[in-house]
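Structural overview
The primary structure of each chain is shown beneath.
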Amino acid sequence: MNVILTPSKLIGEIEAIPSKSMAHRLLICAALSEGTTKVRCNGTSEDIEATISCLKAMGSNILRIGDSYLVPKITVGACDAVSFNCGESGTTLRFMMCIAAGIGLRAKFDGSDRLFERPLEPLIKVLTDHGIVISRDERNRIIQSGKAFLPDYEIEGNISSQYISGLMLMLPLCGGGRVKVTGSFESKPYVTLTMKALQEAGVKASEEDNTYSVYGKYALSNTDVEGDWSNAGFFLVASALGSDVTVKGLDVNSSQGDRETLSVLEKFGCENLVENGVKVRAKELKAQTIDVSDIPDAVPILSVLASVSKGETHIVGAKRLRLKESDRLLTVANMINNLGGDAEIVDDSLVIRGKDFLTGGRVEAEKDHRIVMSAAIASTVSRGEVEIIGAEAVNKSYPKFFEDLVSLGAHIERRQ
């Protein structure tokens with residue numbers, strides 16, 4: 001699907017969609033708990049459905065009723081054979097490899113080609129060091145068997161926090177243990193989310209000096225998935241660019257790393273208002289240097305903000321962006337330049353020189369949902385139309401994105 005957006009400002013209120021990060025974690029905790037757990041989640045996405053598909057493959061006959069999921073406990077046990085389809089969700093694949101190891105399944109993992117090109121070797125190594133047999137088939141898919149042993153795990157923290165979170169989710173299935181994170185630790189807030197989910201599920205989880213101790217059994221009670229700061233960031237930046245959007249349903253005390261977007265907007269010169277929702281009031285935008293080690297998903301939309309901020313913005317700590325749904329350093333730079341901005345890749349950083357406005361143009365989504373949504377918001381500061389090729393990529397995290405844009409006054413033409 002291709003879309004064409006005519007430049008227009010956005011005005012109104014919008015309800016934050018559920019946090020994809022917390023949905024993954026709470027659904028897994030629910031499926032590993034006794035009985036049936038109700039998980040209220042007022043929306044879904046391809047990534048969330050990928051995790052649900054994997055839980056169903058383990059015997060949890062999950063039902064969606066209204067705005068909630070009813071999640072029974074999984075029924076599989078050691079040595080059972082299970083086939084998982086993880087779609088394009090890196091979170092799902094990495095978490096499920098660990099869950100399968102904790103149970104002792106004979107597992108096959110399928111999904112998109114790009115998913116299995118993303119880094120897995122550090123996780124494979126730590127699992128194989130603890131008794132898991134892992135290989136790849138002729139299609140580069142993962143085949144895994146064995147049950148994890150020994151209580152202590154050690155893994156570097158500079159590639160993916162999902163490895164750490166997956167091991168933490170696994171530990172209650174192995175009688176408990178510890179995960180020690182070595183080296184530089186990026187995206188730590190995502191691991192804090194995992195610890196929060198485990199604690200809510202009745203598991204004893206704590207952290208000291210980057211070592212996570214996890215003990216106990218899963219016993220999650222009915223729960224709600226909190227609003228998503230990551231996707232709310234698109235509308236907050238839209239307001240920073242001159243629109244007037246209030247995002248409701250966000251927890252200002254959330255552990256989500258992308259809540260830091262508010263602080264970044266302040267550095268650019270915005271005023272943040274928290275009253276009956278969260279909104280941003282635009283002031284003069286001035287370029288900044290931003291370390292995105294803990295908020296890599298915010299880079300595409302912050303790059304749009306930088307493209308019309310006075311001066312030269314440096315986005316650093318962005319090496320891992322090359323390992324996302326696309327090479328995001330490249331696709332973000334291409335997006336900004338194709339819309340009339342000025343972006344340059346320097347080593348593993350982005351340099352963006354601000355202009356008064358964007359001209360509009362054509363953007364190739366490259367199957368990356370965050371490129372689609374960022375380009376759409378860029379249309380609010382463009383002189384001409386913005387055409388997005390492959391706009392269906394939003395289904396990965398935010399299927400209702402364009403519907404919500406229209407509700408705020410966007411002018412959109414869809415083409416198949």
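Quick summary incoming for the structure in this document. (Residues numbered from 1 in each chain as written. Predicted model: local features only at pLDDT ≥ 70, side-chain atom pairs only at ≥ 80, totals over all residues. Heavy atoms only, no water.)

1. With respect to the overall build of the protein
Put simply, the test is: The numbering of helices and of strands both runs from the N terminus, where a helix is a DSSP run of H or I of at least 4 residues and a strand a run of E of at least 2. Computation of the radius of gyration draws on C-alpha atoms alone. For the globule rule, the value is 2.2 Å times the number of residues to the power 0.38. Three exposure classes are used, based on accessible area relative to the maximum for each residue type with a 1.4 Å probe and protein chains only: buried under 20%, partly exposed in between, and exposed over 50%. Contacts are residue-level and defined by heavy atoms, with any inter-residue pair within 4.5 Å sufficient. The charged-residue count follows a simple rule in which Lys and Arg add positive charge and Asp and Glu add negative charge, with His and chain termini not counted at all. For this purpose, a charge sits on NZ of Lys, CZ of Arg, CG of Asp or CD of Glu.
From N to C terminus, the protein includes 12 helices and 24 strands. Over its C-alpha trace the protein gives a radius of gyration of 21 Å, about what one expects of a compact globule, namely 22 Å for 416 residues. For the protein, the spread of C-alpha atoms along the principal axes amounts to about 60 × 45 × 45 Å. Within the protein, the proportion of its 416 residues that are buried is 58%. In the protein, 72% of the contacts between residues at least 6 apart in sequence involve partners at least 24 apart. Each charge class in the protein was averaged separately, 47 positive and 55 negative side chains, and the resulting centres sit 2 Å apart.

2. What about the pairing of strand β3 (residues 36-40)?
Using the following cut-off: Any two strands between which DSSP finds at least two bridges are classified as paired.
Residues of β3 alternate between two faces, with T37 and V39 buried on one and T36, K38 and R40 left unburied on the opposite face. The sheet contact formed by β3 and strand β5 (residues 68-72) spans five bridges and is antiparallel. Of the residues in β5, the one forming a bridge with R40 is S68.

3. Topic: the sheet that holds strand β20 (residues 343-346)
Using the following cut-off: As a rule, the C-alpha atoms of each element are fitted with a line to give its axis, helices using only the stretch in contact, and angles between N-to-C directions run from 0 to 180 degrees.
The strand order across the open sheet built from four strands is β18-β19-β21-β20, with neighbouring strands paired in mixed fashion. Bordering the open sheet on either side are β18 (289-291) and β20, each of which pairs with just one other strand. Geometrically, the sheet is characterised by an average inter-axis angle of 20° between neighbouring strands, direction not taken into account. With four bridges connecting them, strand β19 (residues 312-316) and strand β21 (residues 349-353) associate as antiparallel partners. Paired with H314 across the strands is V351, a residue of β21. Taken strand by strand, helix α10 (residues 328-338) contacts β20 and β21, and its axis lies near 155° from that of β20.

4. Quick look at helix α9 (residues 299-307)
Buried residues dominate α9, accounting for nine of its nine residues. If you check which residues of α9 are buried, you get V299, P300, I301, L302, S303, V304, L305, A306 and S307. If you follow the buried residues of α9, they end up packed against α7 (229-240), α8 (261-268), β19, α10, β21 and α11 (369-378).

5. Topic: the pairing of strand β9 (residues 142-145)
Looking down a regular strand, the side chains alternate between one sheet face and the other. By the alternation rule, side chains of β9 split into I142 and Q144, which are all buried, and I143 and S145, of which none is buried. Relative to β9, strand β7 (residues 106-110) is paired through three bridges, and the arrangement is antiparallel. When the sheet's bridge partners are listed, K108 is paired in β9 with I143. As paired elements, strand β8 (residues 133-136) and β9 share four bridges and run antiparallel to each other. Bridging from a neighbouring strand, S135 pairs with I143 of β9. Hairpin connection of β8 to β9: five residues between the antiparallel strands, including N140 at a positive phi of 75°.

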